[in-house]
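# Inside the fold
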Amino acid sequence: MSRFDIQSTPLAGLQRVQRQRLGDARGFLSRLFCAEELALAGWTGPIAQINHTFTAQRGTVRGLHFQHPPHAETKLVNCLQGEVWDVAVDLRRGSPTYLQWHAERLSADNQCALLIPPGFAHGFQALTDNVEMLYCHSQPYAAQSEAALHVQDPRLAITWPLPVQGLSPRDAQHALIGDDFEGVHL
Ligand SMILES: Cc1cn([C@H]2C[C@H](O)[C@@H](COP(=O)(O)OP(=O)(O)O[C@H]3O[C@H](C)C(=O)[C@H](O)[C@H]3O)O2)c(=O)[nH]c1=O
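Calculation notes
- Residues numbered from 1 in each chain as written.
- Predicted model: local features only at pLDDT ≥ 70, side-chain atom pairs only at ≥ 80, totals over all residues.
- Heavy atoms only, no water.
- UniProt positions renumbered as here; feature names shortened; annotations may be inferred.
- pLDDT = per-residue confidence, 0-100.
- Pairing = 2+ DSSP bridges.
- Helix = DSSP H or I, 4+ residues; strand = E, 2+ residues; numbered from the N terminus.
- Axes fitted to C-alpha atoms, helices over the stretch in contact; angles between N-to-C directions.
- Near = heavy atom within 4 Å.
- Polar contact = N/O pair within 3.5 Å; in protein donor to acceptor, adjacent residues only side chain to side chain.
- Areas by Shrake-Rupley, 256 points an atom, 1.4 Å probe, with all protein chains shown as cover.
- Phe/Tyr/Trp six-rings, centres within 6.5 Å; stacked < 30°, edge-to-face > 60°.
- Buried < 20%, exposed > 50% of the residue type's maximum accessible area, 1.4 Å probe, protein only.
- Lys NZ or Arg CZ within 6 Å of the ring centre and 35° of its normal.

The chain carries the name dTDP-4-dehydrorhamnose 3,5-epimerase in an unreviewed UniProt entry, which gives Rhodoferax ferrireducens as its organism. As recorded by UniProt, the Function (unreviewed entry) comment attached to the chain reads in full: "Catalyzes the epimerization of the C3' and C5'positions of dTDP-6-deoxy-D-xylo-4-hexulose, forming dTDP-6-deoxy-L-lyxo-4-hexulose." According to the UniProt record, the Catalytic activity (unreviewed entry) comment for the chain reads "dTDP-4-dehydro-6-deoxy-alpha-D-glucose = dTDP-4-dehydro-beta-L-rhamnose".

And the structure:
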């Protein structure tokens, strides 16, 4: 029995993954990851690292982060507490949807995750206080391969449901996309 309802999005490879809860009088069991099922959605390797983040204040935005090869990664982004506006930006050089973005509301209630393929930047806005996120990464964190875009970059024109706030000092100073920006060469 499938434990995930996997749906495509307008950006090729970016998938909305809804977990199916197995509930009973005590509560529920929900599967976060299944190598066999998620291989069908494009996750073909082992999980390299799992991260847990807590974001205290509604309105806070984290992102837009990505890694260049050889550490370009697939991410499975889960919201286990609260609700977020989760954004992925297609940076794949040559993609017909290059620099386009897509967002999904992820929440503990809707049990939805976003499977983000290599070559995408990721960010989110907390829509509630006390948001907890759990990320599965197919590649290890590699600071030397990491890059980022500004969450309010006019070339992306991402709509954030709430006024952007709480950027980290690092996220606040990411450069805007210039004519020399080349995206991610996969
Ligand atoms: C991304 C990352 C960071 N770190 C270290 C580096 C810093 O010392 C510290 C905080 O890093 P940063 O401010 O980049 O973390 P976030 O802004 O919360 O980044 C997170 O939010 C955005 C939306 C994402 O997509 C990232 O994948 C996700 O990790 O954790 C790690 O040890 N592992 C990691 O994978």
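### Quick look at the confidence of the model for the chain
Residues shown with low pLDDT carry predicted positions that ought not to be read at fine detail. Taken over all residues, the pLDDT of the chain has a mean of 97, while the share at 70 or more is 100%. Here the complex is predicted with pTM 0.95, and the ipTM for its interfaces comes to 0.92.

### Structural notes on the sheet that holds strand β9 (residues 101-107)
As summarised here, the arrangement of the five strands in space is β9-β8-β11-β6-β13, forming an open sheet in which the pairing is antiparallel. Taken across any chain shown, the strands that pair with only one partner, and hence form the sheet edges, are β9 and β13 (146-148). Between one strand axis and the next, the sheet turns by 25° as a mean value, whatever way the strands run.

### Topic: the sheet that holds strand β1 (residues 4-8)
Overall, antiparallel pairing links the six strands, which are arranged β1-β2-β10-β7-β12-β5 in an open sheet. Of all strands in the sheet, those with a lone pairing partner are β1 and β5 (49-55), marking the two edges. Across the sheet, the mean angle separating the axes of adjacent strands is 20° when strand polarity is ignored. Examined bridge by bridge, β1 and strand β2 (residues 15-19) share five bridges and lie antiparallel to one another. Each residue of the ladder has a partner; that of Ser8, found in β2, is Gln15.

### A look at the site of the ligand
Surrounding the ligand, one finds Asn51, Arg62, His65, Lys75, His122, Gly123, Tyr135, His137, Tyr141 and Arg170. Take Arg62: an N or O atom from its side chain is 2.5 Å from an oxygen atom of the ligand. At 2.8 Å, a side-chain N or O of Lys75 approaches an oxygen atom of the ligand. Contact with the protein chains covers 67% of the free accessible surface of the ligand, which is 630 Å².

### Regarding the packing of aromatic side chains
Within the structure shown, the criterion is met by one aromatic pair. Ring centres 5.1 Å apart and planes at 80° place the aromatic pair Phe33 and Trp43 in the edge-to-face group. With Phe33 in the loop between β4 (27-29) and α1 (35-39) and Trp43 in the loop between α1 and β5, this pair connects stretches of sequence that are 10 residues apart. Look at Phe33 and you get partly exposed, because its relative accessible area is 22%. Judged by relative accessible area, which is 2%, Trp43 ranks as buried. If you follow Arg21 out to its NZ or CZ, it ends over the ring of Phe28, 4.0 Å from the centre.

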